[in-house]
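# Architecture and fold: a report
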Amino acid sequence: MTTTPTPATDDAPSAPAPAPGRSAWTTLRPLVLRLHFYAGVLVAPFLLVAALTGLLYAASFQVEKVLYAQELTVPVGDRELPLSEQVAAARAAHPDGEIAAVRPSPEPGATTRVLLSGVPGADPGHTLAVFVDPYTARVRGELEQYGSTGALPLRTWIDEFHRDLHLGEPGRLYSELAASWLWVIACGGLLLWFSRRRSQRGLRGTTGRRRTLGLHAGVGVWAALGFVFLSATGLTWSAYAGAHIGDLRAALGQETPAVAATAGEHAGHGTAGGAGGDAAHGVGLDRVLAAARSEDLDNPVEIVPPADATSAYVVPQIQRSWPEKQDAVAVDPGTGQITDVLRFEDYPVLAKLTRWGIDLHTGTLFGLANQIALMLLALALILLILWGYRLWWQRGRGSAFGRPVPRGAWQHVPPQVLVPLLALIAVLGYFLPLLGIPLAVFLAVDVVLGEIAHRRGRRTYGPASR
């Protein structure tokens, strides 16, 4: 969300100091305006990429169902075959790699997924999903899968581009930078809008820059809360801010719990860790699934084989749509007995909020309605960026962008307001380094440029209007 002020030149005479008795907001407004302008102009390219890829990602859920219908769906049969037979068919077709997990058919007409890791030619960070007809045990196809939501190649490509531009860990800096600044720009725009709401007129009959500003402000106000939410939830799994959030949750005892995957005393009797797709190893998948069903774990579920001879099967529910199903059990591979149960209702509050926030951010919590809302937010952000640059252009003369907002607004902020503000910025900068570091660089460059302008006799300190 980018906003630009009315024309102001660096060569203009400095404005007089604010008159005594002005409100704190009157002195802060030029500072907020300058920050909103520069943050919008400089961060907008990153936000534009995030918005475009986010729009595509939200749409990819429905596209995936059509594009991969051959692998995902089958004609409904009379009776599903034992899970062990379905997995054996997948292994016969794809003997390479190891079974990482099995996702039984979640509903009539849906295929079973047998997930294989370490398959030659597959991305090491992905699994190869082998899709099996649960009624005939015929293999319908195979595709690489990524993540807990079962993203297939199209959605995986878009997701990774949205997250890191396909550049790996260094590329995550772009998305964290965008998430770190989006809420600042949105909140700054809201403050500017509320400060002028009484003088705002309708769009009817307006033209030029006033109309662009009205469109930019109107859409921005309606979408601001959504932007703040996307920013906050996006930061939860970012590289640096996400680590701070994780440390804070750990300190508060609010980490996401995990089911204990230690098997009982009969664990090593007739079991082979990692090969749980064959009934000859331990009690077999069908007994494990039946044990999970006895604890009311209905579909969809995922069965994760034991990691070694002392581990248990882990069976979590994997439904991310509302109401969420996130219960999990551990099953002894030697006896088929439940060794541990974890209920989502027992999660700490912050663990639940984090889970819901991420699922809402990724479009899974409320299904199609959630995805449409995300697409509308992404479209709003794209329009706001384009209108913001247009506002900047309309501040110029002829065919040139306008001059920036005058610097030095911070000098008119009273110390009793400025000192707590600087302390708050320092704290935010520590927890959100990709907010704090760019802001510090901006302030340093701004001070240097201001000093240069002062020495040349062109220093421009003072408020500017929108």
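## Overview of the packing of helix H5 (residues 172-196) against helix H6 (residues 208-235)
H6 packs onto H5 with a crossing angle of 145° between their chain directions and a minimal axis gap of 8 Å. Crossing angle aside, the handedness with which H5 passes H6 is left-handed. For the pair formed by H5 and H6, the contact residues are Glu176, Ala179, Ser180, Leu182, Trp183, Ala186, Cys187, Leu190 and Trp193 on the first element and Ala217, Val221, Ala224, Phe227, Val228, Ser231 and Leu235 on the second. In the contact of H5 with H6, the residues fall into 13 nonpolar, 2 polar and 1 charged.

## A look at the pattern of salt bridges
Scanning all chains against the criterion turns up 9 salt bridges. One salt bridge in this structure joins Arg355 and Asp359, with 2.9 Å as the shortest N-O distance. Taken together, the residues Arg355 and Asp359, both in helix H9 (residues 349-362) and 4 residues apart, mark about one turn of the helix. Each member of the pair Arg355 and Asp359 is classed as buried. Here the salt bridges share partners, and the residues they tie into one network are Glu295, Asp327 and Arg343.

## Examining the sheet that holds strand E6 (residues 328-331)
Strand order across the open sheet formed by 3 strands is E5-E6-E7, with antiparallel pairing between neighbours. Strand pairing shows two members of the sheet lacking a second neighbour, strand E5 (313-316) and strand E7 (338-342), which therefore form its edges. In this sheet, adjacent strand axes meet at a mean angle of 15° when their direction is disregarded. Bridging between E6 and E7 involves 4 bridges; their strand directions are antiparallel. The residue of E7 that forms the bridge with Ala330 is Asp340. Strand contacts of helix H8 (residues 285-294): E5, E6 and E7, with the helix running at about 45° to E5, the strand carrying the most contacts.

## Examining the side chain of Glu64
Looking at the secondary structure, you find Glu64 in helix H1 (residues 24-67). Residue classification places Glu64 among the buried residues on the basis of a relative accessible area of 7%. With sequence-adjacent residues up to four places away left out, Glu64 is seen in contact with Leu72, Ala151, Leu152 and Arg155.

## Some remarks on the nonpolar core
Membership of the largest hydrophobic core comes to 37 residues, with the highest contact counts inside it found for Leu47, Trp181, Ile185, Phe227 and Leu381. Elements represented by at least two residues in this core include exactly H1, H5, H6, helix H10 (367-394) and helix H12 (433-455). With 25 residues, the next largest nonpolar core counts Ile99, Leu128, Val283 and Leu285 among its residues.

## Notes on the packing of aromatic side chains
Going through the model one piece at a time under the given rule, you end up with 11 aromatic pairs. The interplanar angle of 40° and the centroid separation of 6.1 Å between the aromatic rings of Trp322 and Phe366 together place this pair among those described as tilted. Highlighted residues: Trp322 in the loop between E5 and E6 and Phe366 in the loop between H9 and H10, separated in sequence by 44 residues. For Trp322, a relative accessible area of 49% corresponds to the partly exposed category. Judged by centre distance (5.1 Å) and plane angle (80°), the rings of Tyr430 and Phe431 are edge-to-face. With relative accessibility at 37%, the residue Phe431 sits in the partly exposed group. Ring pairs connect the aromatic residues Trp322, Phe344, Tyr347, Trp356 and Phe366, which therefore count as one cluster.

The rules we used
- Residues numbered from 1 in each chain as written.
- Predicted model: local features only at pLDDT ≥ 70, side-chain atom pairs only at ≥ 80, totals over all residues.
- Heavy atoms only, no water.
- Axes fitted to C-alpha atoms, helices over the stretch in contact; angles between N-to-C directions.
- Helix = DSSP H or I, 4+ residues; strand = E, 2+ residues; numbered from the N terminus.
- Left-handed = near helix turned anticlockwise from the far one by under 90°.
- Contact = heavy atoms within 4.5 Å.
- Nonpolar A, V, L, I, M, F, W, Y, C, P; charged D, E, K, R; others polar.
- Salt bridge = Lys/Arg side-chain N within 4 Å of Asp/Glu carboxyl O.
- Buried < 20%, exposed > 50% of the residue type's maximum accessible area, 1.4 Å probe, protein only.
- Pairing = 2+ DSSP bridges.
- Core = buried A, V, L, I, M, F, W, Y, C linked by side-chain atoms within 4.5 Å.
- Phe/Tyr/Trp six-rings, centres within 6.5 Å; stacked < 30°, edge-to-face > 60°.

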